[in-house]
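Topology and contacts: notes
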Amino acid sequence: MTFSEIRKSYEKMTIDDINAMPFVKLYIEKAKKEKKFSKLIQGYRDGRQFDYKNKMKYADSALTVSLQHGTNDDISKDYLSKGILYYFYQKKYKLALNEYLKAYTYSKGSKDQYHHYKVLYHIGIVKGHLGYFDEALEHFTSCAAFYNLNSNINDHENEMFNYKKGYLNCLHQLSVINRYLNNLAKSDSLSILGYRLTADDSDFDLEQSYFLKGIGISRYYKKDYIGAEKYLQKSLPTIVARNDFAWASVVYYYLGKTFEAQHNIDRAVDCYEKVDCIFNRHDFIHPEVYKSYHYLIDNYKNKDINKQLYYTNQLLKADSLISKDFPYLSSKLHNDFDRRTLIEAKEEIEKSSGKKIVIAQILIVSGSLVLGFFIVRYLKDQKIKKQYDLLQNRIADGSYNFNNILSEESAEFPVRKTSLTPEITAEISQKLLRFEQEQQFKKKGLTQKSIAIKLGTNSHYLSVYINEQKGINFNRYMAELRINYITNLLNTNNKYLNYTIEALAEECGIAARQNFSNLFFDINGIRPTDYIKNRKRELGIS
């Protein structure tokens, strides 16, 4: 039998179909016997495709032969394939990125545009994982355009299949990234398009399941919980069968949220516990799903202390796992890919003319600035998130309680030089308490004198009372009243999260936007815009 005849026996079989392996092994033995190294590389690649349990072994064999006897294109393809195994089957992002970057290096100067865009696609995957959504969007948009164009003009059946598969994968990633960017309508339309393109085509069952997943998540955000459950459940069997545990966990998470929204506690808990099962089995958790632990912790509070403690520990473990890869991946990606592409651009320009060296230098400086921007942005975001968490913890444990903040200090101050009689102190205390409880501080333009007149006392007495009983001056007292009031509104009533900063300032009686923002930051340690952004993210609202 010729090599072509042997491959025809299995080339149309489904990925991971072990029934292909007797023919694949025959192909490999023939290639070894005849010392046809290009055929041997292909045989090992086929083994990698069909033998689920030995994928990495065949991937290493293909790479070894490519390094000894293959072209740069061969080497690049086998590094990329090994990276895909790390990413898709093991979710080892560090190892995957290392292989992708090697693939990129060997693809330099290649005329194989299909492979070039495949490398860019998988680097886009890592950027999306890191949260560089705008950059990932650019990768997937350019790859989708390339694959779509070529899928329509290519006549060869296998190549048409590969280009269509590449295009569908790009559509899926574009849908995911648009959802992360809160472009929900765009995300939904891309999922629907992908679903239509894969309808009644068994060759793309997995891709169709991804689009069903996307439609289900869109239905959840539209509060169509019946539709959400229908599409999510329909997507699950193929995703589970293909052992794509990462997207399976996302499906279970949104099924849980769907049941949670319908107050079906038992089914919600069941779905969230499936997320935990995947975490335990694979030591991997998708950043999108770790909030399921918050629900499980709350569910078992005051019911089962052992489960409450277990899920608290799981949440801490998940948080550590999600964050530990970020510095390495981010640095590696920008130093070894983004910076390298800039250097390559510089080298090309230097070859063409001396004048363009200036442009190359600008590109390098710009690239360094961009890299610096991402590092600074990451550190700033981490600091803001920490401040937000600290503030939310204070609110949750009662140390930021509205009444506690407004009540008089119980502790005695070291020195009291009061000129107030006990009668005057008691009178101001009673009237000021009513002033606080009735939220009269929300009126704009209040001064120490106007409040003193309203309370039937004088400015000096009011100032002395606030200084000695509250431990702060009048201006700070008014600022804390107003900022604590608006902070509690933002934390308890979601409608205020959609207010402008000017409207929030108006609500609590502060005249100027900038003054409100500065006071909010001074008292809470975080800007109001950052607080609102983190609060919305925590609640899962746009």
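Quick notes on the rules
- Residues numbered from 1 in each chain as written.
- Predicted model: local features only at pLDDT ≥ 70, side-chain atom pairs only at ≥ 80, totals over all residues.
- Heavy atoms only, no water.
- Helix = DSSP H or I, 4+ residues; strand = E, 2+ residues; numbered from the N terminus.
- Buried < 20%, exposed > 50% of the residue type's maximum accessible area, 1.4 Å probe, protein only.
- Contact = heavy atoms within 4.5 Å.
- Areas by Shrake-Rupley, 256 points an atom, 1.4 Å probe, with all protein chains shown as cover.
- Expected span 1.5 Å × (residues − 1).
- Arc of directions from axis to C-beta.
- Core = buried A, V, L, I, M, F, W, Y, C linked by side-chain atoms within 4.5 Å.
- Phe/Tyr/Trp six-rings, centres within 6.5 Å; stacked < 30°, edge-to-face > 60°.
- Disulfide = S-S within 2.5 Å.
- Salt bridge = Lys/Arg side-chain N within 4 Å of Asp/Glu carboxyl O.
- Axes fitted to C-alpha atoms, helices over the stretch in contact; angles between N-to-C directions.
- Parallel < 35°, antiparallel > 145°, perpendicular 65-115°, else oblique.
- Left-handed = near helix turned anticlockwise from the far one by under 90°.
- Nonpolar A, V, L, I, M, F, W, Y, C, P; charged D, E, K, R; others polar.
- pLDDT = per-residue confidence, 0-100.

The number of helices and strands found in the protein is 26 helices and zero strands. By residue count, 45% of the 542 residues in the protein fall in the buried class. For the protein, restricting intrachain contacts to residue pairs at least 6 apart in sequence, the fraction spanning at least 24 positions comes to 63%. Of the roughly 28,000 Å² of accessible surface on the protein, a fraction of 52% belongs to carbon and sulfur atoms.

Between its terminal C-alpha atoms helix H25 (residues 513-524) stretches 16 Å, which fits the 16 Å expected from twelve residues at 1.5 Å a residue. What H25 keeps buried is the set Phe516, Ser517, Phe520, Ile523 and Asn524. Each buried residue of H25 sits inside an arc of 140 degrees when the element is viewed along its axis, so together they form one side. Phi for Gly525, located one or two positions after H25, is positive at around 80 degrees.

Next up on the list: helix H24 (residues 501-508). Along H24, the positions that sit buried rather than exposed are Ile501, Leu504, Ala505 and Cys508. Along the axis of H24, the buried positions cluster into a sector of 100 degrees, meaning they face one direction only. The inward-facing, buried residues of H24 contact helix H23 (474-492), H25 and helix H26 (528-539). Downstream of H24 by a residue or two, Gly509 has a phi angle that is positive, lying close to 90 degrees.

Membership of the largest hydrophobic core comes to 83 residues, with the highest contact counts inside it found for Tyr100, Tyr147 and Tyr293. No other element matches the eleven residues that helix H13 (residues 245-261) contributes to this core. Counting 39 residues, the second-largest nonpolar core is a separate cluster that includes Leu455, Leu489, Leu504 and Ile523.

Below, the discussion takes up the side chain of Arg179. Positionally, Arg179 belongs in helix H9 (residues 157-180). Excluding residues that lie within four positions of it along the chain, Arg179 makes contacts with Leu184, Ser187, Ile217, Tyr221, Trp247, Tyr254 and Glu288.

What the rule picks out here adds up to 32 aromatic pairs. A ring pair is formed by Tyr117 and Phe146, whose centres lie 4.3 Å apart and whose planes are at 15 degrees; its orientation type is stacked. Of this pair, Tyr117 sits in helix H7 (residues 113-130) while Phe146 sits in helix H8 (residues 133-153); the two residues are 29 residues apart in sequence, bridging distant segments of the chain. On the accessibility criterion, Tyr117 (18% relative accessible area) is buried. The class for Phe146 is buried, based on a relative accessible area of 13%.

The tally for this structure, following the rule as stated, stands at zero disulfides. Here Cys170 stays free of any disulfide, with the sulfur of Cys143 as its closest cysteine sulfur at 4.9 Å.

By the definition in use, this model includes 29 salt bridges. For Arg219, the salt bridge is made with Asp188, and the minimal N-O distance between the two is 3.7 Å. Taken together, the residues Arg219 in helix H11 (residues 205-221) and Asp188 in helix H10 (residues 184-198) connect sequence positions 31 residues apart. Like Asp188, Arg219 is buried. Each of Arg45, Arg48, Asp74 and Asp78 takes part in salt bridges that share partners, so that together they form one network.

On to the packing of H23 against H26, then. Contact geometry for H23 and H26: axes closest at 10 Å, N-to-C directions at 20 degrees. The orientation of H23 relative to H26 falls into the category roughly parallel. As for how H23 packs across H26, the hand of that crossing is right-handed. Residues Thr487, Leu490 and Asn491 of H23 touch H26, and the partners they reach there are Tyr531, Ile532 and Arg535. When grouped by side-chain class, the residues that make up the contact of H23 with H26 number three nonpolar, two polar and one charged.

Along the chain, His172 falls in helix H9. Beyond its immediate chain neighbours, meaning those up to four positions away, His172 contacts Tyr210, Phe211, Lys213 and Trp247.

Turning our attention to the packing of H23 against H25. Where H23 meets H25, the closest approach of the two axes is 10 Å, and the angle between their N-to-C directions is 85 degrees. Taken together, the axes of H23 and H25 lie roughly perpendicular to each other. Note on element contacts: H25 touches H23 through Phe516, Leu519, Phe520, Asp522, Ile523 and Asn524, opposite Arg476, Ala479, Glu480, Ile483, Asn484, Ile486, Thr487 and Leu490. Of the residues in the contact of H23 with H25, the class split is eight nonpolar, three polar and three charged.

The next point concerns the confidence of the model for the protein. For the protein, the average pLDDT comes to 85, and 86% of its residues sit at 70 or higher. Note on residues 402-416: pLDDT under 50 across the span, and 26 contacts to partners over four residues away in sequence or across chains.

Turning our eyes to something else, we now look at the environment of Val65. Relative to the assigned elements, Val65 resides in helix H4 (residues 55-69). The class for Val65 is buried, based on a relative accessible area of 9%. Along the backbone, Val65 and Ile41 are 24 residues apart, and their C-alpha atoms lie at a distance of 6.3 Å. The residues touching Val65, leaving out its near neighbours within four places in the chain, are Phe37, Leu40, Ile41, Tyr44 and Gly70.

What follows deals with unusual backbone geometry. Of note in this structure, Lys35 is not a glycine but carries a positive phi near 55 degrees. Here Lys35 lies in the loop between helix H2 (21-34) and helix H3 (37-50). Residue Lys35 is classed as exposed on the basis of its relative accessible area of 62%. Positive phi, close to 55 degrees, is recorded for Gln439, a residue that is not glycine. Within the secondary structure layout, Gln439 lies in the loop between helix H20 (422-437) and helix H21 (448-455).

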